Structure formats: C-alpha cells, structure tokens
Amino acid sequence: MKVLFASSEVWPLIKTGGLGDVAYSLPHALQQQGIDIRIVLPAYQDVLKKLKSFTILGWLTLELAAKEYSVRILQTEHEKFSLPIWLLDCPALFDRAGNPYTHPEGYDWFDNAERFALFSLAVARLAMDDLNLDWKPEIVHSNDWQTGLVSAFLDHEIDRPKRVFTIHNLAYGGYFSQQEFQRLQLPPQWWSSEGIEFYGNMSMIKAGIIYSDQITTVSPSYAKEICTPEFGYGLAGVLSHRRYKLTGILNGIDPEVWNPRTDPLLPYHYSAKQIYPGKQKNKQALLEANGIEVTKKHLAAPLLGMVSRLVEQKGVDMIIEAIPQLLETSDANFIFIGTGHPSIEAQLLELQRHHPQRVMVSIEYSEAKAHLLEAGCDLFMMPSRFEPCGLNQLYSLRYATLPIVHRTGGLADTVVDAELKNATGFVFDSATTKALVNTIQRALHLFSHKKRWNQLQRNAMQQDFSWSKSALKYMQLYQ
Ligand code: ADP
Ligand code: GLC
C-alpha cells in the first residue's frame, strides 16, 4: 500500500510542537508495517539549511490567487529518516527563517492562507501523480488545518486516492476571511455551510473534516470531547454528524528518541531496573545547569517541571497562581522551559526573580534542555484545560517523572491516578487552581513515601506507548 503523508512540520527538520514529533514517528511506524510511505512538507529556509543534498523530482504549475506558481518538488534523504522526504520548494512563500507560521516578531504571516492553500494544492497534485513518477498513493493522509484543503482539492477527481485527515488540535482552525477566499480564487462551490464556510469566514480545518473519507484525532477521549460544545470550537455539530467516519487513535512515541537508557542528550542514563542513582545525577546536572549551587537539601526536595508552549490551553496560568502558596507550604522547587504568550513568559520570569533559588525559568526552545528536564525532575506538571493527546506526559512516564494531569483528552487516556491499581501519576477532575494545588500536595505527600513512590516510577517506566498498537489501527483504517 502506498501512502502520501502531508504535514506542515516534521521533526527534526522543523517543529513547534507535538505535530512535528508525530509526523516523524508515525510514518516510520507505518513503514515498519510494510507501507510504502512518503512524507511531504514545505521547503522552509530552516529545513533547506539542514539538508546536505536533494534531487529535483519535477516542476508543478499551480494556479492560485490569479497567479501561476511554478514550483519545484524536491526529494531528499536524511540520516534520521528511512523513507523519502518530499519538499514543496516555493521560495516566495516558504524561504523565510524561523517558525513556520509566524513572523520573527510573533504575529502570523499575512499570507498564511495563500501559503498553506498552495501547499495543499501541491499535495493534491502529487497524490494524483501529476509528476508522472509512476507512484500514486492509495491514501493521502493530511494533518491539521495547514493541510485541510488537500481533501477539498481532490474532491472533483474521479480517480482520487482515499483521503484521511487527522485533527491534532481543533483550537487552531485555519480561519481566514471571505475576501481572502475570493482573492485566492478557490472554487466558489466550496463556499457553503456544507463546505468550508464557517460563520462567514473560511475554515481550513473544516475543509479537512468535510471533504475527507475518514477523520481521526489523536486520542479516544478527545474524539468524544470534540463532538461536544465545550471542546468543539463551533464544530461540534459538524463533527457529531460525522461520528461514523471519526476515530480516536492514541499517539505513540518514538522509543529510541525518548529512551533514558540511551538518550544522547542526558549526562547519565538509567532504566526501569535501576532508576537511581542515574536519575538523581541528572537532577543535580539540571539544577547546576540552571545556576543553582546544589546542596543536599536541594537534591532531597521534590523538583516539579514543565516543558510547554506557553499558551492558555496548557493551564500554565494555574501553575503560576499556585506557586506562591506551594513555596510557602512545602520545600518543592519548580523548573520551566517554554515559549509563547508574552504575558505568561513575563509572569514566570517574575516568579524566578522573586525566588531565584526555587523557581527556574528558560524562555527558549531547546531540545537538549527539554530532555534533561524530563530526566532530572521528580514530577511533571500538565494541567492542560484540553489536550488532544499530549506527548510530554508520555515522555515523562518513560523518564520516571510522575505526571500531574487534568483528566482531559489524551491525558485521561494515558495516566492512572496514584489511588488506583497500576498507578502512574496524579489526575484531577476540574481545571481549577484549587484542584491543582490539592493534587500537587497529594503528590508531595507521596514523594516522602519512597517505597510507594518507586513503585509508581517503575509502573510508569513499564508502560508501552510505542507506536506498535496505534500504527496497526491506522493500518486497519487505511485498509
Ligand atoms: P503540543 O503539541 O500541544 O505543544 P505535545 O505534548 O503533544 O503538545 O508536544 C509538545 C512537544 O514540543 C514535545 O515534544 C515537547 O518536548 C516539545 N516542546 C514544547 N516546548 C518546548 C521547548 N520550549 N523546548 C523544547 N521542546 C519543547
Ligand atoms: C497537538 C496537541 C497535542 C498532541 C499533538 C500531536 O499539538 O495539542 O495534544 O499531542 O498535537 O498529535
């Protein structure tokens, strides 16, 4: 079976969040099941910089916004990939540094609708083998709003591949104005409530939902949640009418990239059989790397961490609100790495300024620091208001860093509360600061009961969140 897998980010070439991880690890897991799969993404400047060489597969002429784009399709290899990578090379739209969606100053690129409409159009033409490569997929699998139009562009083709669309986060809908729709000269018949029109605007994620043969999302719980008004972002009705083609399939993780026994980004290694002293040495290294003069007291005190995009979804504001009382009533210390909303960044830095020995904050994106944080902390905080799947709680489980999570989406599907059998972490029901504080206190209490604590850590490390089970589910869906 041949599958063309389209994503706007693919680790390690370009990544802003979990989509990048999944767009790398899922295709590889599918390849191991015998699928002939190719990944396609835009040739952003940062991606081209990471490549040693490429070949030109061909040129496509694409019409959009009353222009004729002549774009190159490149094929490249990379030591981390065992499958071909295809790139849409259109310098006018993608030869820009940094984040794939935003200007260096933080705002969305003014022409994002055009950029991702052109990307989607190119994917659709590749799926129809317009380059005459004698490689036509049976399935085209697109991901999130940036590729939502792929399925729409294929709609009028009789001999088209089946279209699978995965929702990684319904909160990002790819909304653009009707003028933009007209300016791009998209097919007028799309403009309907049964098409991509959404309360007077266009929604690219809605296009993916409407025009695809199958929709998936990244956990069973989130598949149910998005059919309700609370989590549906206005699309609950559209989605619940399409329940028959909506499946929740839990994300997996790459067990090689996130493996505390071999992780090249860790100074010390450990395993479920022997968690200590390796984990504790990483804790010391992490504290030292953050400029702390590490004492015995520091090492004995619980260390709570977070790696995150700093946005409302993730509930960081609740943590910020909780920290002053937790500092007063416990010996816990806190460490953060993330980037995002300027006011959240500023509040975290302010906490660090007031408590330099107990709150550590890095406002940056660093994979090396994220790995060390996962290994060096005792607890990981993820009080997300909603979480389609979440990968960080899975990395935390594997690193014996017990997750504290709100019972929502993929967090509910992957963490078992300390009061239950086979416990792996701490789960709370309502997204409030009070519930978060209570749960952190519960976790801190258990931290002093070392035998039980170590049992939870072993349980956590023994969980299998590799792709094997979920890749089979995608295979069944494709078939
Ligand atoms: P989301 O995709 O909503 O951001 P996930 O938990 O699925 O949430 O995935 C987030 C991914 O991004 C993880 O791999 C996490 O380690 C990574 N990440 C987020 N922020 C940073 C950061 N500041 N530095 C390094 N990695 C980060
Ligand atoms: C999104 C979601 C996250 C999920 C990731 C990968 O960014 O916010 O929960 O894990 O996509 O599917």
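Because the structure is a prediction, the values reported are computed rather than measured. (Residues numbered from 1 in each chain as written. Chains lettered and ligands numbered in written order. Predicted model: local features only at pLDDT ≥ 70, side-chain atom pairs only at ≥ 80, totals over all residues. Heavy atoms only, no water.)

Undergrad: Explain the overall build of the chain to me, using residue names and the numbers behind them.
TA: Looking only at helices and strands, the chain has 19 helices and 18 strands in total. Relative to a compact globule of 479 residues, whose C-alpha radius of gyration would be 23 Å, the chain shows 23 Å and is just as compact. With respect to the three principal axes, the spread of C-alpha positions in the chain is 65 × 45 × 40 Å. When the 479 residues of the chain are sorted by exposure, 60% land in the buried category. Taking the average location of the 46 positive side-chain charges in the chain and that of its 50 negative ones, the two points are 7 Å from each other. (Helix = DSSP H or I, 4+ residues; strand = E, 2+ residues; numbered from the N terminus. Rg over C-alpha atoms; globule rule 2.2 N^0.38 Å. Buried < 20%, exposed > 50% of the residue type's maximum accessible area, 1.4 Å probe, protein only. Lys, Arg positive; Asp, Glu negative; His and termini not counted. Charge placed at Lys NZ, Arg CZ, Asp CG, Glu CD.)

Undergrad: Describe the site of ligand 2, listing the residues and the values that go with them.
TA: Around ligand 2 lies a shell of 14 residues, among which H168, N251, E387, C389 and G390 are the nearest. Between an oxygen atom of ligand 2 and a side-chain N or O atom of N169, the distance comes to 3.2 Å. N251 has a polar side-chain atom sitting 2.8 Å from an oxygen atom of ligand 2. Notes on ligand 2: free accessible area 310 Å², of which the protein chains cover 93%. At 3 residues, the largest contribution of residues to the shell around ligand 2 is made by helix α1 (residues 18–32). Each of domain 1 (2–249) and domain 2 (278–465) gives at least three residues to the shell around ligand 2. (Near = heavy atom within 4 Å. Polar contact = N/O pair within 3.5 Å; in protein donor to acceptor, adjacent residues only side chain to side chain. Areas by Shrake-Rupley, 256 points an atom, 1.4 Å probe, with all protein chains shown as cover. Domains from an automatic or database assignment.)

Undergrad: Could you give an account of a nonpolar patch on the surface, with specific residues and numbers?
TA: A cluster of nonpolar residues, F54, I56 and W59, forms a patch on the protein surface that exposes about 320 Å² of accessible area. Within the secondary structure, F54 sits in strand β3 (residues 54–64). (Patch = residues over 30% accessible without salt bridge, like charges linked within 9 Å, V, L, I, M, F, W, Y side chains within 5 Å. Salt bridge = Lys/Arg side-chain N within 4 Å of Asp/Glu carboxyl O.)

Undergrad: An account of the nonpolar core is needed here, citing residue identities and associated values.
TA: By size, the foremost hydrophobic cluster in this structure holds 172 residues, and its most contacted members are L239, F336 and F426. Top element by residues in this core is helix α4 (residues 112–127). It accounts for 11 residues. Each of domain 1 (2–249) and domain 2 (278–465) gives at least three residues to this core. (Core = buried A, V, L, I, M, F, W, Y, C linked by side-chain atoms within 4.5 Å.)

Undergrad: Outline the sheet that holds strand β8 (residues 175–176), supporting the account with residue identities and numerical values.
TA: In a beta sheet, neighbouring strands are held together by backbone hydrogen bonds and run either parallel or antiparallel to one another. Spatial strand order, β8-β10-β9: 3 strands in an open sheet with antiparallel pairing. The sheet terminates laterally at β8 and β9 (197–198), the two strands that pair on one side only. Relative to strand β10 (residues 201–203), β8 runs antiparallel, the two being bridged by 2 bridges. By the bridge assignment, Y175 is partnered in β10 with S203. Across the sheet, helix α7 (residues 204–211) lies against β8, β9 and β10, angled at about 60 degrees from β10, the strand it touches most. (Pairing = 2+ DSSP bridges. Contact = heavy atoms within 4.5 Å. Axes fitted to C-alpha atoms, helices over the stretch in contact; angles between N-to-C directions.)

Undergrad: Pulling in residues and values, what's your account of the pattern of salt bridges?
TA: In total, this model carries 22 salt bridges according to the counting rule given. R125 serves as the salt-bridge partner of D130, at 2.7 Å between the closest nitrogen and oxygen. When its relative accessible area of 36% is taken as the criterion, D130 is described as partly exposed. Owing to a relative accessible area of 17%, R125 belongs among the buried residues under this scheme. Here R407 ties to D429 by a salt bridge, and the two come within 2.7 Å at their closest N and O atoms. One end of the pair, R407, is in the loop between β17 (402–406) and α16 (409–414); the other, D429, is in the loop between β18 (426–428) and α17 (433–447), and 22 residues separate them in sequence. By relative accessible area, which is 40% here, R407 ends up partly exposed. For D429, a relative accessible area of 54% translates into the label exposed. The structure contains a network of salt bridges with shared partners spanning K67, E114, E180 and R183.

Undergrad: For unusual backbone geometry, give the residues involved together with the corresponding values.
TA: In this structure, P12 follows W11 across a cis peptide bond, with omega equal to 0 degrees. Here P12 is to be found in the loop between β1 (2–6) and α1. P277 follows Y276 through a cis peptide bond whose omega is 10 degrees. Relative to the elements of secondary structure, P277 occurs in the loop between β12 (246–248) and α10 (278–289). Although it is not a glycine, A66 adopts a positive phi angle of roughly 60 degrees. Accessibility expressed as a relative area gives 62% for A66, which makes it exposed. Look at Y233: it is not a glycine, yet its phi comes out positive at around 45 degrees. Within the element layout of this structure, Y233 appears in the loop between α8 (220–225) and α9 (236–240).

Undergrad: Tell me about the domain arrangement of the chain, and please be specific about residues and values.
TA: According to the domain assignment, the chain contains domain 1 (2–249) and domain 2 (278–465). Inter-centroid distance (C-alpha atoms) of domain 1 to domain 2 is 33 Å. At the boundary of domain 1 with domain 2, total buried surface from both sides reaches about 1200 Å², with 52% on carbon and sulfur atoms. Scanning the region where domain 1 abuts domain 2 turns up 9 residue pairs in polar contact (both at pLDDT 80 or more). Those elements that provide at least two residues to the side of domain 1 that touches domain 2 are α1 and α8. (Buried area = accessible area lost by both parts, 1.4 Å probe.)

Undergrad: Describe the site of ligand 1, naming the residues involved and giving the relevant values.
TA: In the region of ligand 1, 20 residues are neighbours, and K15, G18, D21, R309 and K314 sit closest. K15 places a side-chain nitrogen or oxygen 2.8 Å from an oxygen atom of ligand 1. Note that a nitrogen atom of ligand 1 is positioned 3.1 Å from one of the backbone N or O atoms of S366. Mapped by element, the contributors of at least two residues to the shell around ligand 1 are α1, β13 (303–310), β14 (333–340) and α15 (392–398). Each of two domains, domain 1 (2–249) and domain 2 (278–465), supplies a minimum of three residues to the shell around ligand 1.

Undergrad: Provide a residue-level description of the side chain of H298, including the pertinent values.
TA: Within the secondary structure, H298 sits in helix α11 (residues 296–300). Among residues more than four places away in sequence, those in contact with H298 are K283, L287, I292, E293, N333 and Q357.

Undergrad: Tell me about the packing of α10 against helix α14 (residues 367–376), and name the residues and values.
TA: Packing of α10 against α14 leaves a shortest axis separation of 8 Å and a crossing angle of 130 degrees. Considered as vectors, α10 and α14 are oriented oblique to each other. As α10 runs across α14, the sense of the crossing is left-handed. Contact residues: α10 offers K279, N282, K283, A285 and L286, while α14 offers L372, L373, E374, A375 and G376. Across the contact of α10 with α14, the residue classes tally to 5 nonpolar, 2 polar and 3 charged. (Parallel < 35°, antiparallel > 145°, perpendicular 65-115°, else oblique. Left-handed = near helix turned anticlockwise from the far one by under 90°. Nonpolar A, V, L, I, M, F, W, Y, C, P; charged D, E, K, R; others polar.)

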